[in-house]
Amino acid sequence: MPVTSAPPVPMPAAQHVRADVAVVGAGVVGLATAWELRRRGRSVAVVDPEPGAGASRAAAGMLAPVSEVQYQQEPLYPLMLASAGAYPAFVAAVEEAAGGSVGYRATETLVCGVDAADRQALADLRELQRRHGLAVEPLALRAARALEPALSPRLSAVHRIPDDHQVDPRRLVAGLLAALVAPELPAPSGPRGTDGADGGPARLVHDRAAGLRHGPDGAVTGLRLAGGGMVSVAETVLAPGTGLSDLEGLPGSWRPPLRPVHGDILRARPPAGAPALLERTVRGVVHGVPVYLVPRDDGTVVIGATSREDDLDGISAGGVFRLLRDAQAVVPGVADLELVEAMARARPGTPDDIPYLGRVRGSGEDPVAGLVVSTGYFRHGVLLAPLAARLAAELVLGRSGTDPGPDAEHLASTDPHRFDRPVEAASVDLATGSRTPNRSTR
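Residues numbered from 1 in each chain as written. Predicted model: local features only at pLDDT ≥ 70, side-chain atom pairs only at ≥ 80, totals over all residues. Heavy atoms only, no water.

*Asks:* Is there a simple way to think about the nonpolar core in this case?
*Replies:* General note: in soluble globular proteins, nonpolar side chains tend to be found buried as a group. By size, the foremost hydrophobic cluster in this structure holds 67 residues, and its most contacted members are Leu31, Trp35, Tyr87, Phe90, Leu172 and Leu176. Breaking this core down by element, the ones donating at least two residues are strand 2 (21-24), helix 1 (28-39), strand 3 (44-47), helix 3 (76-98), helix 4 (116-131), helix 6 (169-181) and helix 8 (381-397). Ignoring any residue separated from it by four or fewer positions in sequence, one finds leucine 176 in contact with Val28, Leu31, Ala32, Trp35, Phe90 and Val94. Counting 25 residues, the second largest nonpolar core, distinct from the first, contains Leu151, Ala268, Leu323 and Val334. (Core = buried A, V, L, I, M, F, W, Y, C linked by side-chain atoms within 4.5 Å. Buried < 20%, exposed > 50% of the residue type's maximum accessible area, 1.4 Å probe, protein only. Helix = DSSP H or I, 4+ residues; strand = E, 2+ residues; numbered from the N terminus. Contact = heavy atoms within 4.5 Å.)

*Asks:* Explanation requested: the pairing of strand 17 (residues 301-304) in the structure shown.
*Replies:* If a strand is regular, its side chains alternate between the two faces of the sheet. Burial of the side chains of strand 17 extends over both faces: Val301 and Ile303 are buried on one face and Val302 and Gly304 on the other. Where strand 14 (residues 259-269) and strand 17 come together, three bridges link them in antiparallel fashion. When the bridges of strand 17 are listed, leucine 266 appears paired with isoleucine 303. Bridge count for strand 16 (residues 289-295) against strand 17 is four bridges, and the pairing is antiparallel. In the sheet register, proline 295 faces strand 17, and the bridge partner there is valine 301. Here strand 16 hands over to strand 17 after five residues, with glycine 299 in that stretch at a positive phi of 90°. (Pairing = 2+ DSSP bridges.)

*Asks:* For this particular structure, what's the right way to read the pattern of salt bridges?
*Replies:* Across all of its chains, the model carries 28 salt bridges by this definition. With its nearest N and O atoms 3.7 Å apart, the salt bridge here joins glutamate 127 to arginine 130. Placement of both glutamate 127 and arginine 130 in helix 4 is noted, with a separation of three residues, approximately one turn of the helix. We classify glutamate 127 as partly exposed; its relative accessible area is 36%. The partly exposed category is assigned to arginine 130, whose relative accessible area is 46%. Of the charged contacts, one joins arginine 259 and glutamate 309 as a salt bridge, the two residues approaching to 3.1 Å between their closest N and O atoms. Remark: glutamate 309 occurs in the loop between strand 17 and helix 7 (317-330) and arginine 259 occurs in strand 14; sequence separation between them is 50 residues. For arginine 259, a relative accessible area of 24% corresponds to the partly exposed category. Among the charged side chains, a salt-bridge network with shared partners connects Glu108, Glu137, Glu148, Arg160 and Arg280. (Salt bridge = Lys/Arg side-chain N within 4 Å of Asp/Glu carboxyl O.)

*Asks:* Just checking my understanding: could you explain the confidence of the model for the protein for this structure?
*Replies:* Low pLDDT marks stretches whose predicted atomic positions should not be read closely. Residues of the protein with pLDDT of at least 70 account for 89%, and the chain-wide mean is 90. Segment residues 189-194: pLDDT under 50, and eleven contacts once partners within four positions in sequence are set aside and those in other chains are kept. Every residue in residues 423-442 scores below 50 in pLDDT, and together they form 51 contacts with partners more than four places removed in sequence or on other chains. (pLDDT = per-residue confidence, 0-100.)

Here it is in structure tokens:
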């Protein structure tokens, strides 16, 4: 059964809320972070005027660490693989607490090319994927159409990717909200987080965070709310997407570059009584342009996605045209579907498309007490949510990470100050966020 629990009535905006941790932003990354913190025994206040209404609502939910490999983005690969590997346990814990399904499907992905140039592009990309140990299997078109009869008989190439799966972001958001406000968490079958604790139901503050509050020593002690209220906490996690620069009170001159990248996305469904069009996620390259079709449990197909950096806040007519045209080139039966929704949302992009995740530092190398940032996930917010949540929780809890290892490497690549100055190879302390350069002896 899908999660149907509704969040509680919003708290009055002017109320003074106290908790251990505030999470600004209730997209999938912010909610997953709040959930992880609750499981680790911290009381949490989540601040967002419309939880789940931003980029997470438009997201298709592809968990695609293999298909999403792109040239010159090597630091992203280990992040995507680590988070994809964490998804089954993450989903199981959320579903247990929420009491329903979040639409996780472990079905494989088919990647298709339309013309000869698309076939060569997929072959070249497969070599890069294979060099990184990723499983990509070329399929004969007849074999591919035996799996998905709706595929066009004119495709030039099909690759099968068994490890790329999907989740329904809308159901995941609903599940995280239900898990966050549940009166108590179910007894865990294994360790709950790493603490075996429950921080109690989260407090959902349906208001906009206007600015940070600071103590006399400069430490962040909470938030000022647009509605006149305040939140008092020991730690604050900033996960507001593109809204980061709108917050007042950010330390010094720290304004990490973020750009809004709009994406148009469609939802369509077969006529009443008709069978589902697809069982698997189908990604296409159509004359060099990507398109994808993601089937949901209810037969709906999600079609996306454009990436626009223009002045249109709403849906692009040209984008909708291209999505429908290219989707039909891969799956002709799209023409027979009923179009039920078109929307656009802005995703937060960084200059290198790698998120900002770490402790925020002041004018020097010392971290600002009480402040962690987790934003800039661009296309990968849903995929990276389990890893982002765990790393942010580790930072809040002050767990040591000075020994070389995957977490230190992840945080080195997501350093929120990497565009402040030349980046050196470094080890990262999860407790403080400070970096210790690894100096060469040459």
